[in-house]
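Take a look at the letters that make up each chain.
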Amino acid sequence: MTIHRIPRRNTFAALLGGVTLMAGLLLTTPAAAGGVERATDLRALAGNGDGRPTVIMFASSSCPYCDRAEQQHLGPMAEDPAFSGVHIRKVMLDRDEVRDFDGETLPGNRLGRNYGVRVVPTIMAFDAEGRPAGTPLVGIPNEQLYRSQIRTRIEAARNGARDASG
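Residues numbered from 1 in each chain as written. Predicted model: local features only at pLDDT ≥ 70, side-chain atom pairs only at ≥ 80, totals over all residues. Heavy atoms only, no water.

**A short note on the overall build of the chain**
Helix and strand content of the chain: 5 helices and 6 strands. Start at the N end of the chain and walk to the C end: the helices and strands fall as α-α-β-α-β-β-β-α-β-β-α. Taking contacts inside the chain between residues at least 6 apart in sequence as the whole, the part at least 24 apart equals 66%. Entry remark: accessible area of the chain is about 9,800 Å², with carbon and sulfur atoms responsible for 53%. (Helix = DSSP H or I, 4+ residues; strand = E, 2+ residues; numbered from the N terminus. Contact = heavy atoms within 4.5 Å. Areas by Shrake-Rupley, 256 points an atom, 1.4 Å probe, with all protein chains shown as cover.)

Next up, the structure:
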């Protein structure tokens with residue numbers, strides 16, 4: 001009778017593999033995983049002189065709808081060449097500290113409050129100078145029309161419109 005012995009586990013190799021896996025997970029950015037880049041300096045976006053509008057999704061880490069909006073809509077839009085002329089970013093209300101268009105650095109939740117954000121996800125568009133354009137898109141009112149509703153806000157920001165709807 002042949003007996004198959006299970007090889008003895010090398011504890012060091014297992015530990016090293018686990019540490020490597022954890023480091024990889026911690027260093028992976030959401031943008032690399034098809035997500036939307038986090039906003040850190042809105043003033044720099046508006047002040048770089050490229051004339052590009054900015055779309056911000058205000059989100060929370062505990063919001064499954066925010067994940068859906070990012071993964072199914074904003075993430076693909078951020079990678080789409082048709083939207084290369086738009087800064088698409090997100091602000092995590094419960095995590096981020098962001099320099100606003102006026103230069104003041106604020107916690108994400110206070111920045112959101114300053115723009116009237118009460119529900120997440122809320123998507124807002126800003127023109128090239130950092131002025132709000134159009135009306136905020138609150139929640140995901142209609143999954144089939146969501147991307148079109150975001151496009152409406154982008155066009156409002158490109159055109160400097162203050163009262164776009166959709």
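What follows continues from the structure just given.
**Thoughts on the packing of aromatic side chains**
Aromatic rings considered in pairs are described by the distance between their centres and by the relative angle of their planes. Enumeration according to the criterion identifies 3 aromatic pairs in this entry. Between the aromatic rings of phenylalanine 58 and tyrosine 115, the centroid separation amounts to 6.3 Å while the plane-to-plane angle is 40°, which identifies the pairing as tilted. One end of the pair, phenylalanine 58, is in strand β1 (residues 54–59); the other, tyrosine 115, is in the loop between α4 (108–114) and β5 (122–126), with 57 residues separating them in the sequence. With relative accessibility at 1%, the residue phenylalanine 58 sits in the buried group. Plain terms: the ring middles of tyrosine 115 and phenylalanine 126 are 5.1 Å apart, the flat faces sit at 70° to each other, and that makes the pair edge-to-face. (Phe/Tyr/Trp six-rings, centres within 6.5 Å; stacked < 30°, edge-to-face > 60°. Buried < 20%, exposed > 50% of the residue type's maximum accessible area, 1.4 Å probe, protein only.)

**Brief notes about the pairing of β5**
Counting buried residues in β5 gives 5 out of 5 residues, a clear majority hidden from the surface. Residues Thr122, Met124 and Phe126 of β5 are buried on one face, and the alternating residues Ile123 and Ala125, pointing to the opposite face, are buried as well. Where β1 and β5 come together, 5 bridges link them in antiparallel fashion. Paired with threonine 54 across the strands is phenylalanine 126, a residue of β5. Pairing of β5 with strand β6 (residues 132–138) involves 4 bridges; the strand directions are antiparallel. (Pairing = 2+ DSSP bridges.)

**Topic: the nonpolar core**
Counting 23 residues, the largest nonpolar core has Leu74, Ile123 and Ile150 as the members making the most contacts within it. When residues of this core are traced back to their parent elements, those giving at least two are β1, α3 (64–79), β2 (87–92), β5, β6 and α5 (146–159). With 5 residues, α5 is the largest single contributor of residues to this core. If we ignore the near neighbours within four places in the chain, the residues touching isoleucine 150 are His73, Leu74, Met77, Ile123 and Leu137. Leu45, Phe58, Val117 and Met124 belong to the second largest nonpolar core, which has 15 residues in total. (Core = buried A, V, L, I, M, F, W, Y, C linked by side-chain atoms within 4.5 Å.)

**Observations regarding the environment of leucine 74**
In this fold, leucine 74 is placed in helix α3. Taking the relative accessible area as the measure of exposure, leucine 74 reaches 1% and is therefore buried. The residues touching leucine 74, leaving out its near neighbours within four places in the chain, are Val36, Val55, Met57, Ala69, Ile88, Ile123 and Ile150.

**Considering the environment of isoleucine 150**
With respect to the helices, strands and loops of the structure, isoleucine 150 is situated in helix α5. Looking at isoleucine 150, the relative accessible area reads 0%, which means it is buried. Each C-alpha atom of the pair isoleucine 150 and leucine 74 lies 8.5 Å from the other, and the pair is 76 residues apart in sequence.

By themselves, these observations are geometric and do not establish any function.
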